[in-house]
Amino acid sequence: MSTTRKRLFIKTYGCQMNVYDSDRMKDVLTPLGYESSDTPEGADLVILNTCHIREKAAEKVYSELGRLRPLKDEKAASGGMTIAVAGCVAQAEGAEIMKRAPVVDLVVGPQTYHKLPELIAQAHRAKGEALDTEFEVEDKFDRLGSDRQVEGYSAFVTVQEGCDKFCTFCVVPYTRGAEWSRPVDQIVGEIRALAAKGIREVTLLGQNVNAFHGAAPSGREADGPWGLGQLVRHIALIGGIERIRFTTSHPRDMDEDLIQAFADTPKLMPYFHLPVQSGSDKILKAMNRQHIAADYLATIARLREVRPDIAISGDMIVGFPGETDADFEATMELVREVNYASCFSFKYSKRPGTPGAAMFNQVDEAVKTERLAALQALLDAQQIAFNTSMIGKTLPVLFEKPGRLDGQLHGRSPYLQSVHANAPAELIGQIAEVEIEGASRNALSGRLIGPKRSAA
Ligand code: SAH
Ligand code: SF4
Ligand code: F3S
């Protein structure tokens, strides 16, 4: 098939699952002659892969579409520019987007982007009709296949999609649909192909990744569906894969087998993201998180028991409807007790169609701002203390690329900290021992001790 070369610009918002989806959209479009470009100027196809999680995230899409308009007009004389909106705003707002922003030619949801070639052709034939926001997750992964274009040494691999939890603040169950897990054989096929291309670290992704229950590999169907712990151990056997991570987990789906995987699988990194959102039982109930603060703390304690070097990260929301000073103080107390290595924190944002948006006891914006500042000051101090505690330790670092200074390389510690060290370029793509000498909030620096070929 002969193809003319065309330029593709994809802008990705939101979570790592969108990063994975953007990569896979590129894979789907490469056979049509599309080559990635770093800027939208002069592109034949622009895709905005959007996020709907907070109000600001969704608004960004419309302002970006405004900026694209003049570029599309300029390109009209030389083949034209096709503008696509993908991702969670596409799923949530569908046809509304084309009405509100006529510059958009096509809208595609997170479960149907494998059909982009057909949708692009359709948009060229009849503008306004190219919209696909069905939920067809099985079809998607079958059609995508395992051949991916990758760069570097670390890759995301989606293993689970969707969410049935319906936390009252969250849009994800509406934008990503019901929970669904990929079969183990399909995941392993994709990771083997990645390892053959030099990937050393995989991060398994899912909106509720620890709810994973994928069909057992062929020949072992009688075992029933596999949980995430089994999957992790199986991936640890794939030659070339040295580090495994997974995100995002829900406290309700933590089982003992997964906790044990941290103990018995050294390739599973000792860094675990477990969002809790609030430390107040009343607010956790109103959020429909289906657990209390003590359950979360017990899980963290158990993880630390089986893997003493484990570090914890999390997500917090301040100013959920009904949150009083005392509820907020319970959050601060939980944070003090957990002592996070790192934690994201957000002001509650009302999302259309979620139960939280209809609650009458919304918290004042000024109060949210004040609470967020207090929480972030505490979290920043914990992060700095965690990074500083690395000084004097020797950490295995996966070197990924040259650093900013001559002779320096940049890599990642088991805790995902950025690490800079003077090291020969041959170590790029390898794990080496670095003695940590300096620490700031966002990075570590150290001295190369020697190459090492183990995971953690
Ligand atoms: N599936 C994950 C999180 C997905 S969304 C989980 O269950 O933990 C990522 C984070 O965004 C959430 O953990 C939450 O902290 C934040 N978030 C989601 N909806 C939000 C909203 N309406 N307002 C503010 N933050 C929100
Ligand atoms: Fe959203 Fe809750 Fe599902 Fe996480 S578990 S994606 S916060 S509904
Ligand atoms: Fe955003 Fe959708 Fe991810 S709403 S956080 S891009 S699942």
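## A closer look at the site of ligand 3
Okay, step 1: In the vicinity of ligand 3, the residues found are Cys15, Asn18, Thr50, Cys51, His52, Ile53, Cys88, Arg176 and Gln207.
Okay, step 2: A per-class count over the shell around ligand 3 returns four nonpolar, four polar and one charged.

## Focus on the domain arrangement of the protein
Okay, step 1: Taken as a whole, the protein is organised into domain 1 (6–137), domain 2 (139–388) and domain 3 (394–453).
Okay, step 2: Relative to domain 3, the C-alpha centre of domain 1 lies at a distance of 37 Å.

## Here we look at helix α14 (residues 365–388)
Okay, step 1: With 24 residues, α14 should cover 34 Å at 1.5 Å per step; its first-to-last C-alpha distance of 34 Å lies within 8% of that length.
Okay, step 2: All of the buried residues along α14 are Lys368, Arg371, Leu372, Leu375, Leu378, Leu379, Gln382, Gln383, Phe386 and Asn387.
Okay, step 3: The inward-facing, buried residues of α14 abut β13 (311–318), α13 (325–338), β14 (342–347), β18 (431–439) and β19 (443–451).

## Considerations on the site of ligand 1
Okay, step 1: Around ligand 1 lies a shell of 16 residues, among which Phe169, Gln207, Gln277, Asp315 and Ser349 are the nearest.
Okay, step 2: Take Gln207: an N or O atom from its main chain is 2.7 Å from a nitrogen atom of ligand 1.
Okay, step 3: If ligand 1 stood free it would expose 540 Å²; the protein chains cover 89% of that surface.
Okay, step 4: Going through the elements one at a time, β13 and β14 are the ones with two or more residues in the shell around ligand 1.
Okay, step 5: Of the residues belonging to the shell around ligand 1, the class tally is six nonpolar, five polar and five charged.

## A closer look at the sheet that holds strand β7 (residues 154–158)
Okay, step 1: Read from one edge of the open sheet, three strands run β7-β10-β11, paired in parallel fashion. The open sheet is flanked by β7 and β11 (243–247), the only strands paired with a single partner. On average, each strand axis in the sheet is tilted by 20° relative to the strand beside it, whichever way the strands run.
Okay, step 2: In the sheet, β7 pairs with strand β10 (residues 201–205) via five bridges, with the strands oriented parallel.

## Digging into the environment of Trp226
Okay, step 1: When you line up the elements, Trp226 lands in the loop between β10 and α9 (228–235).
Okay, step 2: Each C-alpha atom, one on Trp226 and one on Ala216, is 5.6 Å from the other, the two residues being 10 residues apart in sequence.
Okay, step 3: In this structure Trp226 touches Val184, Phe212, His213, Gly214, Ala216, Pro217, Arg220, Leu231 and His234, once residues within four positions along its chain are discounted.

## A look at the side chain of Lys140
Okay, step 1: Secondary-structure assignment places Lys140 in helix α6 (residues 137–144).
Okay, step 2: Here the side chain of Lys140 touches Pro110 through a polar contact of 3.0 Å, landing on its backbone oxygen.
Okay, step 3: The contact partners of Lys140, leaving out residues within four places of it in the chain, are Asp21, Pro110, Gln111, Tyr113, His114 and Glu161.

## What to know about the pairing of strand β1 (residues 6–12)
Okay, step 1: Of the pairings in the sheet, the one linking β1 to strand β2 (residues 34–36) comprises three bridges and is parallel in character. Bridge pairing links Leu8 to Ser36 in β2.
Okay, step 2: After leaving β1, the chain enters helix α1 (residues 16–29) and then returns to the sheet as β2, a path that is right-handed.
Okay, step 3: Direction of pairing for β1 relative to strand β3 (residues 45–50): parallel, over a ladder of five bridges. Note that in β3 the partner of Lys11 across the bridge is Leu48.

## Notes on the layout of surface pockets
Okay, step 1: Of the volumes computed, that of the second largest pocket is approximately 440 Å³.
Okay, step 2: Looking at the second largest pocket, it is lined by 19 residues, and the ones nearest its centre are Arg54, Glu55, Lys56, Lys347 and Ser349.
Okay, step 3: Those elements giving two or more residues to the lining of the second largest pocket turn out to be α2 (55–75), β14 and α14.
Okay, step 4: Element by element, the count of residues in the lining of the second largest pocket is highest for α2, at five residues.
Okay, step 5: Two domains each provide a minimum of three residues to the lining of the second largest pocket, namely domain 1 (6–137) and domain 2 (139–388).

The rules behind these values
Positions within a chain are numbered from 1, following the residues in the order the chain's sequence is written. Chain letters start at A and ligand numbers start at 1, both assigned in the order the entries are written. Given that this is a predicted model, residues contribute local features only at a pLDDT of at least 70 and side-chain atom pairs are listed and counted only at 80 or more, while totals for whole chains, interfaces and linings are drawn from all residues. Computation of side-chain values covers all heavy atoms of the structure but excludes hydrogens and water. Any residue with at least one heavy atom within 4 Å of a molecule or strand is counted as near it. Gly is placed with the polar residues, together with every amino acid not listed as nonpolar (Ala, Val, Leu, Ile, Met, Phe, Trp, Tyr, Cys and Pro) or charged (Asp, Glu, Lys and Arg). Start and end positions for the domains come from either an automated domain assignment or a database one. Note on conventions: DSSP H or I runs of at least 4 residues are helices, E runs of at least 2 residues are strands, and numbering of each starts at the N terminus. A helix is expected to span 1.5 Å multiplied by its residue count minus one. For each residue, the accessible area found with a 1.4 Å probe, counting protein chains only, is set against the maximum for its type, and the residue is called buried under 20%, exposed over 50%, and partly exposed in between. Contacts are assigned to residue pairs with any non-hydrogen atoms lying within 4.5 Å of each other. Polar contacts, as used here, are pairs of N or O atoms within 3.5 Å; protein pairs need one atom able to donate a hydrogen and one able to accept it. Residues neighboring in sequence count only if both atoms are side-chain atoms. In short, Shrake-Rupley with a 1.4 Å probe defines the accessible areas, and a residue's cover is counted only from the protein chains shown. Strands were regarded as paired on the criterion that DSSP finds at least two bridges between them. Axis definition: a line fitted to C-alpha atoms, limited for helices to the stretch in contact. Angles are taken between N-to-C directions and run from 0 to 180 degrees. Here a crossover is taken to be right-handed if, once the strands point away from the viewer, the path from the first strand over the helix to the second is traced clockwise. For cavity detection a 1 Å grid was placed over the protein atoms alone, and a set of points counts as a cavity when a 1.4 Å probe fits there but cannot get out; an open set counts as a pocket when protein lies on both sides within 12 Å along at least five of seven lines, with lining residues being those that have an atom within 4 Å of a point. Grid points are joined across faces, edges and corners, and a volume is the space filled by probe spheres set on the points.

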